[in-house]
Amino acid sequence: MTTSPPKESDQLEMVQENRQLLQLLTTYIVRENRCGVLPPFPHSSQVGEGACTVLLSTLIPMATEMLANGDGTGFPELMVVMATLAGAGQGAGHLQLHSAALDWLGRW
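Predicted, not measured: the structure shown is a model, and the values here were computed from it.

> Looking at this structure, I do not really get the nonpolar core. What am I missing?
Generally speaking, nonpolar side chains in soluble globular proteins are found buried as a group. Counting residues in hydrophobic clusters, the biggest one holds 17 residues, and the most contacted among them are Leu56, Met82, Leu85 and Trp104. Secondary structure elements with two or more residues in this core: helix 1 (8–30), helix 2 (49–69), helix 3 (75–86) and helix 4 (93–107). Looking at which element gives the most residues to this core, the answer is helix 3, with 6 residues.

> So what exactly am I meant to see when it comes to helix 2 here?
Given 3.6 residues per helical turn, the α-helix brings residues three or four places apart onto the same face. Under the 1.5 Å per step criterion, the end-to-end length of helix 2 is 31 Å for 21 residues, consistent within 8% with the ideal 30 Å. Taken together, the buried positions of helix 2 are Cys52, Leu56, Leu59, Ile60, Ala63 and Thr64. The buried side chains of helix 2 occupy one side of the element, clustering within an arc of 155° when seen end-on. Along helix 2, exposed side chains directed more than 90 degrees from the buried face belong to Val54 and Asn69. As for helix 2, its buried residues are in contact with helix 1, helix 3 and helix 4.

> Would you take a moment to explain helix 4 for this structure?
Here helix 4 contains 15 residues, and its C-alpha end-to-end distance of 21 Å stays within 8% of the 21 Å for a straight helix at 1.5 Å per residue. All of the buried residues in helix 4 are Gly93, Leu97, Ala100 and Trp104. Down the axis of helix 4, the buried side of the element spans an arc of 60°, and every buried residue falls inside it. For helix 4, the exposed residues lying more than 90 degrees away from the buried face are Leu95, His98, Leu105 and Gly106. Buried-residue contacts for helix 4 involve helix 2 and helix 3.

> Just to check I follow, could you spell out the packing of helix 1 against helix 3 for this structure?
Packed helices, taken two at a time, are described by their axes: the angle between them and the distance between them. Where helix 1 contacts helix 3, the axes come no closer than 9 Å and their chain directions differ by 10°. By the criterion of interaxial angle, the relationship of helix 1 to helix 3 is roughly parallel. Classified by chirality, the crossing of helix 3 by helix 1 is left-handed. Residues Arg19, Leu22, Gln23, Thr26, Thr27 and Val30 of helix 1 pack against Glu77, Leu78, Val80, Val81, Thr84 and Leu85 of helix 3.

> Honestly, the side chain of threonine 64 in this entry has me stumped. Any pointers?
Note that threonine 64 resides in helix 2. Since its relative accessible area comes to 12%, threonine 64 is described here as buried. Each residue touching threonine 64, except ones within four places of it in the same chain, is listed here: Trp104, Arg107 and Trp108.

> Could you clarify how one ought to interpret the packing of aromatic side chains in this entry?
What characterises a pair of aromatic rings is the spacing of the ring centres plus the angle enclosed by the ring planes. Evaluation of the coordinates by the stated rule reveals 1 aromatic pair. The interplanar angle of 85° and the centroid separation of 5.3 Å between the aromatic rings of phenylalanine 75 and tryptophan 104 together place this pair among those described as edge-to-face. Highlighted residues: phenylalanine 75 in helix 3 and tryptophan 104 in helix 4, separated in sequence by 29 residues. The two residues phenylalanine 75 and tryptophan 104 agree in class, both being buried.

> Would you mind showing me how to read the environment of glycine 91 here?
As for its position among the elements, glycine 91 is in the loop between helix 3 and helix 4. In this structure glycine 91 comes out as buried when scored by relative accessible area, which is 16%. The spatial distance from the C-alpha of glycine 91 to the C-alpha of threonine 53 is 9.5 Å, given a sequence separation of 38 residues.

Parameters and conventions
Residues numbered from 1 in each chain as written. Predicted model: local features only at pLDDT ≥ 70, side-chain atom pairs only at ≥ 80, totals over all residues. Heavy atoms only, no water. Core = buried A, V, L, I, M, F, W, Y, C linked by side-chain atoms within 4.5 Å. Buried < 20%, exposed > 50% of the residue type's maximum accessible area, 1.4 Å probe, protein only. Helix = DSSP H or I, 4+ residues; strand = E, 2+ residues; numbered from the N terminus. Expected span 1.5 Å × (residues − 1). Arc of directions from axis to C-beta. Contact = heavy atoms within 4.5 Å. Axes fitted to C-alpha atoms, helices over the stretch in contact; angles between N-to-C directions. Parallel < 35°, antiparallel > 145°, perpendicular 65-115°, else oblique. Left-handed = near helix turned anticlockwise from the far one by under 90°. Phe/Tyr/Trp six-rings, centres within 6.5 Å; stacked < 30°, edge-to-face > 60°.

Right, here's the structure in full:
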């Protein structure tokens, strides 16, 4: 049995859904200082600030690739996620994101 490749509309819908899931996951992790600043809330995520930093470190090269090899589609949504992660905990991710933004502006 062979299957036909997904339609472009199906792929677009899947990309939109994945973007939304990433934004919701990020918001859940960072919301209410779950990344290590305050004691954990009941039923809260036990994710440390380091995990938010690692996620941010992983997304920055992805954003660089999006800007370098595409038309920037999806970058604004990814930037929202990265800014949310940067603000986690003590906010040290803002330095990392600022450095990346300077690199992006210097390239283009």
